[in-house]
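Close look at the chain arrangement
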Amino acid sequence: MALARFGRQVKRQHGVCVKMTAVAILGLCFIFVWSMFSSPSNSVTVQRESFDDIAEPVASSTMVSKSKGKDIEKHDANHNKKKVESSLKEKDEKKVNGSLPLPAHEHKSGKKNEKHVSKRKKDKVKPKLSNKVSKENQENQEQEESQGEEAEKENEDEEEVVVDDKEEGLDGESEEKGEMEGYADVDESVDQETQEMAENENEGKKRKIKGPVFDPKAHYSWKQCSTRSKHNYIPCIDVESGFTRLHGYRHRERTCPKAPPMCLVPLPHDGYDSPVHWPESKLKVLYKNVGHPKLAAYMKNHNWLIKSGEYLMFPQNQSEFKGGVVHYLESIEEVVPDIEWGKNIRVVLDVGCSDSSFVASLLDKDVLTLSLGLKDDLVDLAQVSLERGFATFVSPFARRRLPFPSGVFDAIHCGRCTIPWHAHEGKLLLEINRILRPGGYFILSTKHDSIEEENAMNTLTSSICWNILAHKTDDVSEVGVKIYQKPESNDIYVLRRRRNPPLCKENENPDASWYVPMKTCLHTVPSAIEQHGTEWPEEWPKRLETYPDWLNNKEKAIDDTKHWKDIVDKSYLTGLGINWSTIRNVMDMKAIYGGFAAALLQQKIWVMNVVPVHAPDTLPFIFERGLVGIYHDWCEPFGTYPRSYDLLHADHFFSRLKNRCKHPVSIVVEMDRILRPGGWVVVRDKVEILDPLEAILRSLRWEIRMTYSQNKEGIICAQKTIWRP
């Protein structure tokens, strides 16, 4: 009995221990689970710091509840954004290669690609990228809703919505580009990784309505720019930071200043006079308007430009080509009869702008030639070309695509060419292939002293399936001329033994060009009926009034042409007080279908049709009509010399900015830079924009020649004076 009683006591004590142990274990488990599923205050703070919408710190007691609600809202927002993105991507794939209108963000995709090199720099820029993507998605939705509207009605009743303090304007993007410019040699794999990362990030900031484009109560005072390039200052090309002190006067790539220029470019130190009017300017221009020491040294070795008194003369049929440029052009047409200047060939790109007599002679044959002035040309021959009245722009040509859509130039010419086309895996020639029309011609004249370079060029052109139509050395000009033709279909690409360069991916948009790096891949030839470039345009001038099958909203394009013809004939030519005989270089700052340029053709002028990067992509159709144009973001300065244009036209331009630019006044300063003294500005817009704009123009000492308003819209016609503050 004693033993039994002892055993029961031992069991009772053992049971109490077991129970106490179980309770302790359960308590520890509860503490562990609680620590896992609850966040300390400091971790909440870290989580909240990753959001961009915090203006002021809040109490820790409220941060947890707000964070949970924010997570739910964020999940729903991301879910909705994914649906929007998937639908947009499906539409983009259907409209690849230029079916109108393309989403505007396709032009800007390269900006995000070139800003990331190391992982640390990626993390630094990551929040900005996500904000840009959200803004682009928002803009795509707005453009899908407003596409096809008439030019004069596309601004009405439109909500101006922006991303809070993360605009794609000059300040933010230029600062990033300035910081990253030294890393221009980014590998393509990094570009693709960055682009994919940007596409997957969709965290945006709150949308809010901003105020008017111009502050009606603002007062302005101006000073002259103090720059190294002085009266020839091109802001995004004449980079004057500390980086350029080690790399020469001009940088290799377009790099805009961190803050938009708010100064006025001075006139040449020898003074400035009104330019020689067209067509006399084909033969002579005022030397003091373009002269500088390097140009004087250049003239000593080139007889196609001669200084005579106060003029810079251009003797007829004198050029860099011995025997004259007329003989040069006739020899090209002789060996390739399909090149019918002025009929089959209407739009030509001249790379290098070394001899504007080539452009002048083609103009006599009804060929519109756009000259590419390479920024490394310190002789500033592009400025001479603009002073003569020829279509010219200035741009780097190294690592980024040229600001044109794909397959738009009938022919591309490089005279007495020294460009190493075969270098860097042939990127430059692949870019030429991108913008050359299927079946188009690449005319190369050069003196190859190196057999290795000749063989490398032959290997490269064979790899992209260009056909050599002619190869001869002219006895008179002593220049070897090769004429290549781009394939008209994709059949020949399949037959390549070595598929190097490879074909580009299907999702690679060939029309995306604004800050997009050059690719080492080969774009296929368009084959679908909704793609531009499937057929060669009608002969000139019939192509001006031809509306191809791939063009959406043909009726809108036809109405746009009639609309501008009526306005130009009944108002612009007679009612603005402009002497159109003095007008030669014209820019349409917000071109749509090129109707304004088409209406002015009879005035013997040329128009640079600028399609803003945030607008629907109508530039392929402008080229299809036999006109020229370019992509541009007006939050940045334009790629041209000061005093380039006689007239600037802005139809509902400022109201369509949607407050994209942080400093819209800088656009007016840019207009002042690129307009010649005595030149004109014609602005049609809402009265709420025109009233403060008039005050800005008066502060610049411009003369307001005419103002008119009706139904809350109006027009300003102003003339820039030679006087400088």
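It should be noted that the structure appears before, not after, this text.
As the structure is a computational prediction, the values presented were derived from the model and not from experiment.

Parameters at a glance
Residues numbered from 1 in each chain as written. Predicted model: local features only at pLDDT ≥ 70, side-chain atom pairs only at ≥ 80, totals over all residues. Heavy atoms only, no water. Helix = DSSP H or I, 4+ residues; strand = E, 2+ residues; numbered from the N terminus. Contact = heavy atoms within 4.5 Å. Pairing = 2+ DSSP bridges. Axes fitted to C-alpha atoms, helices over the stretch in contact; angles between N-to-C directions. Phe/Tyr/Trp six-rings, centres within 6.5 Å; stacked < 30°, edge-to-face > 60°. Buried < 20%, exposed > 50% of the residue type's maximum accessible area, 1.4 Å probe, protein only. Lys NZ or Arg CZ within 6 Å of the ring centre and 35° of its normal.

Side note on the overall build of the protein chain
Secondary structure assignment for the protein chain yields 19 helices and 19 strands. Taking all contacts inside the protein chain whose residues are at least 6 apart in sequence as the whole, residues at least 24 apart take part in 74%.

Examining the sheet that holds strand β7 (residues 368–374)
In space, the seven strands of this open sheet follow the order β8-β7-β6-β9-β10-β12-β11, with mixed pairing throughout. Strands with a single pairing partner mark the edges of an open sheet, and in this sheet they are β8 (392–395) and β11 (467–473). This sheet shows a mean twist of 20 degrees between the axes of neighbouring strands, independent of strand direction. Two elements, strand β6 (residues 347–351) and β7, share five bridges in a ladder whose sense is parallel. When the sheet's bridge partners are listed, valine 351 is paired in β7 with leucine 372. Across the sheet, helix α10 (residues 357–364) is in contact with β6, β7 and β9 (409–414); its angle to β7 comes to roughly 170 degrees. Strands β6, β9 and β10 (436–446) of the sheet are contacted by helix α12 (residues 427–435), whose axis makes an angle of about 135 degrees with β10.

So, the sheet that holds strand β3 (residues 284–286)
Strand pairing within a sheet occurs via backbone hydrogen bonds; the two strands may be parallel or antiparallel. In space, the three strands of this open sheet follow the order β3-β5-β4, with antiparallel pairing throughout. Whereas interior strands pair on both sides, the edge strands pair on one side only; in this sheet they are β3 and β4 (306–308). Going across the sheet, the axis of each strand differs from the next one's by a mean of 30 degrees, ignoring polarity. Bridge count for β4 against strand β5 (residues 311–313) is three bridges, and the pairing is antiparallel. Counted as the bridge partner of lysine 307 is leucine 312 from β5.

Description of the packing of aromatic side chains
The way to describe two aromatic rings as a pair is by their centre distance and the angle between their planes. Overall, the coordinates contain 24 aromatic pairs when judged by the stated rule. Ring plane angle 75 degrees and centroid distance 5.7 Å describe the contact between tryptophan 564 and phenylalanine 596, whose orientation is recorded as edge-to-face. Of this pair, tryptophan 564 sits in helix α15 (residues 554–575) while phenylalanine 596 sits in helix α16 (residues 595–599); the two residues are 32 residues apart in sequence, bridging distant segments of the chain. Each member of the pair tryptophan 564 and phenylalanine 596 is classed as buried. Through a chain of ring-to-ring contacts, the aromatic side chains of Phe214, Trp634, Phe638, Phe653 and Phe654 assemble into a single cluster. Across the ring face of tyrosine 287, the terminal group of lysine 307 is positioned such that the distance to the ring centre comes to 5.0 Å. Looking at arginine 388, its charged tip hangs above the ring of phenylalanine 314, at a distance of 3.8 Å from the centre.

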